[in-house]
Amino acid sequence: MKKVDFLPDGLQASQVASRKNNLARPFMNALAPLLVVAAGCCLAFQQLLNANLGKTLQSAWWSAFASYLGGTIALSALLITLREPLFNVASAMRAPLITWTGGVFGAMFIATSVFMIPRLGVATVLTLVLVGQLLSSLLFDHFGLLGVPQHQITFVRLLGAVSLIAGAVMVRL
């Protein structure tokens, strides 16, 4: 099995190595999948909260706005607490325009979830979200889009995708 190091975005392995001792790396590699599962739990909880707020406000769009506003406030507090330096403006200006549009896709995701959770339920919506994520991720990997390492679509990977789609159907039943 291939060893995978989980590195924060934008950091090179040499930078992380200088920040951590060698004993911390195996712990982080073991803990990383659990953190991702916890993030998935947070996503489900967030979408449920957003759906309830959308019902109360009678607007998926205002609920999505409130979600992003709350996230902006939380991240602002975190940036201040961590005393994170301002990003390099010259580097930011070199970033392709599409890299700045993530929030647009996030807003569409939140608004769609707010609208669909009361109709389909949290489990069905998030299972279908996973199907969409997996299918698009397979394409991103296969074609190496936006600079991700290229990983060909194989029979086994397709079988995994079909299994997830079957799971989504079963969750909906």
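Residues numbered from 1 in each chain as written. Predicted model: local features only at pLDDT ≥ 70, side-chain atom pairs only at ≥ 80, totals over all residues. Heavy atoms only, no water.

Side chains that differ in sign of charge can pair as their charged atoms come close. Here the structure, examined in full by the defined rule, presents 1 salt bridge. Put simply, R157 and D141 hold a salt bridge, and the shortest N to O gap is 3.0 Å. Taken together, the positions of R157 in helix α7 (residues 155–172) and D141 in helix α6 (residues 122–143) put the pair 16 residues apart, joining distant regions of the chain. Overall, R157 belongs to the partly exposed group, its relative accessible area being 28%. (Salt bridge = Lys/Arg side-chain N within 4 Å of Asp/Glu carboxyl O. Helix = DSSP H or I, 4+ residues; strand = E, 2+ residues; numbered from the N terminus. Buried < 20%, exposed > 50% of the residue type's maximum accessible area, 1.4 Å probe, protein only.)

Moving on, we get to the packing of aromatic side chains. Under the counting rule described, the total for this entry stands at 1 aromatic pair. In this arrangement the basic side chain of R119 is found over the ring face of F115, its NZ or CZ atom lying 3.8 Å from the centre. (Phe/Tyr/Trp six-rings, centres within 6.5 Å; stacked < 30°, edge-to-face > 60°. Lys NZ or Arg CZ within 6 Å of the ring centre and 35° of its normal.)

What follows covers unusual backbone geometry. Negative phi characterises most residues that are not glycine, and trans characterises most peptide bonds. One non-glycine residue, Q58, adopts positive backbone phi at about 60°. With respect to the helices and strands, Q58 occurs in the loop between α2 (24–57) and α3 (60–82).

Along α2, the largest kink reaches about 35° and is centred on L31; proline P33 follows within four residues of it. Turning to α2, its buried residues are R25, N29, A32, Q47, N50, A51 and G54. Immediately downstream of α2, the backbone of Q58 shows phi near 60°, a positive value. (Bend = angle between axes of the 7 residues up to and from the residue.)

For the rest of this paragraph, the subject is the layout of surface pockets. The computed volume of the second largest pocket comes to approximately 180 Å³. Residue lining of the second largest pocket: L43, Q46, Q47, Y68, G106, F109, I110 and Q133, and that is the complete set. Contributing elements (two or more residues each) for the lining of the second largest pocket: α2 and α5 (102–120). Its residues placed into classes, the lining of the second largest pocket shows 4 nonpolar, 4 polar and no charged. (1 Å grid on protein atoms, 1.4 Å probe; cavity = no way out; pocket = protein on both sides within 12 Å on 5 of 7 lines; lining within 4 Å. Points joined across faces, edges and corners; volume = space filled by probe spheres on them. Nonpolar A, V, L, I, M, F, W, Y, C, P; charged D, E, K, R; others polar.)

Another aspect to go through is the confidence of the model for the protein chain. When the pLDDT values of the protein chain are averaged, the result is 85; 87% of them are 70 or greater. Mean pLDDT across the elements of the protein chain bottoms out in helix α1 (residues 13–19) (52) and peaks in α3 (93). (pLDDT = per-residue confidence, 0-100.)

Bringing the packing of α5 against α6 into the picture now. Direction vectors running N to C along α5 and α6 enclose 140°, while the axes themselves pass 8 Å from each other. If you check the angle between α5 and α6, you find them oblique. In this structure, the crossing between α5 and α6 has a hand that is right-handed. Where α5 approaches α6, its residues F109, S113, M116, I117 and L120 are matched on the opposing element by V122, T124, V125, L128 and V129. (Axes fitted to C-alpha atoms, helices over the stretch in contact; angles between N-to-C directions. Parallel < 35°, antiparallel > 145°, perpendicular 65-115°, else oblique. Left-handed = near helix turned anticlockwise from the far one by under 90°. Contact = heavy atoms within 4.5 Å.)

Residues I98, L139, F140, F143, L145, L146 and V148 make up a contiguous nonpolar surface patch of about 690 Å² in total accessible area. Mapped onto the fold, V148 is located in the loop between α6 and α7. Judged by its relative accessible area of 33%, V148 is partly exposed. (Patch = residues over 30% accessible without salt bridge, like charges linked within 9 Å, V, L, I, M, F, W, Y side chains within 5 Å. Areas by Shrake-Rupley, 256 points an atom, 1.4 Å probe, with all protein chains shown as cover.)

The next thing to look at is the environment of H151. Looking at the element boundaries, H151 is found in the loop between α6 and α7. H151 sits 13 residues away from L138 along the chain, and the two C-alpha atoms are 8.1 Å apart. When residues no more than four places from it in sequence are discounted, the contact partners of H151 are D141, H142 and R157.

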